[in-house]
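Reading the structure
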Amino acid sequence: LGLILGEVLEELDLSYALVGLHEGGRMRVLHISTRGYVAPLPLRVGMEVGEEATYAGNLTKKNESLAIDVASLSGWRAHPACQKLGWETYLGVKRALPNDAFLSVACFATRPRDYLFTNSEKRFLQDASAWVEGMLAREGKISAGTFDLSPASEARNSEIPKRGD
């Protein structure tokens, strides 16, 4: 899991990746990855927080992905993730699970990126989140929901343009 998320962080030029399991208005941290020398997060694996503490709590049926390019210059500046955690740049996706639970896979940094998130980068994280979900399901950490790692899915994903599109 750390290797996959490390590659995702490298591709997105971000510092942190966090995988959370959301149930009943709470998020349990399942995994955290970092890239390079970064300040430690106040969140730890196994910790539970209210969904409102992170941007991932804003992932809903209507909003299955969330991109925040510069939180401090947007309406997100008042959110606890910006105010208390210092998360300036964020890209997160939701993976539906049984019983209204969901998995969030998010990458973020405490500094703004040099450029806005592209549609290709958003699709890249959506595809990577399917692999993350599959790995967690095989390890028994979650009940499998929507992941599809079939050859047809892989063929469809290979058509996604690379960075810079």
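Calculation notes
- Residues numbered from 1 in each chain as written.
- Predicted model: local features only at pLDDT ≥ 70, side-chain atom pairs only at ≥ 80, totals over all residues.
- Heavy atoms only, no water.
- 1 Å grid on protein atoms, 1.4 Å probe; cavity = no way out; pocket = protein on both sides within 12 Å on 5 of 7 lines; lining within 4 Å.
- Points joined across faces, edges and corners; volume = space filled by probe spheres on them.
- Helix = DSSP H or I, 4+ residues; strand = E, 2+ residues; numbered from the N terminus.
- Contact = heavy atoms within 4.5 Å.
- Pairing = 2+ DSSP bridges.
- Axes fitted to C-alpha atoms, helices over the stretch in contact; angles between N-to-C directions.

Under the definition given, this model contains one cavity of 30 Å³ or more. Of the volumes computed, that of the largest cavity is approximately 40 Å³. Lining the largest cavity we find Leu18, Met27, Thr54, Ala56, Trp87, Tyr90, Ser104, Ala106 and Phe108. No other element matches the three residues that strand 6 (residues 102–109) contributes to the lining of the largest cavity.

Position of Ser15 among the secondary structure elements: in the loop between helix 1 (2–12) and strand 1 (16–23). Not counting the four nearest positions on each side in its chain, Ser15 is found in contact with Leu9, Ser33, Thr34, Arg35, Val38, Phe108, Ala109 and Arg111.

A few words now on the sheet that holds strand 5 (residues 89–96). Read from one edge of the open sheet, six strands run 3-2-1-6-5-4, paired in antiparallel fashion. Across the chains shown, the open sheet's two edge strands, defined by having one partner strand only, are strand 3 (48–50) and strand 4 (65–68). This sheet shows a mean twist of 25 degrees between the axes of neighbouring strands, independent of strand direction. The pairing of strand 1 with strand 2 (residues 26–34) spans eight bridges and is classified as antiparallel. In the strand pairing of strand 2, Leu18 is matched with Ile32.

By themselves, these are just geometric observations and shouldn't be taken as functional.
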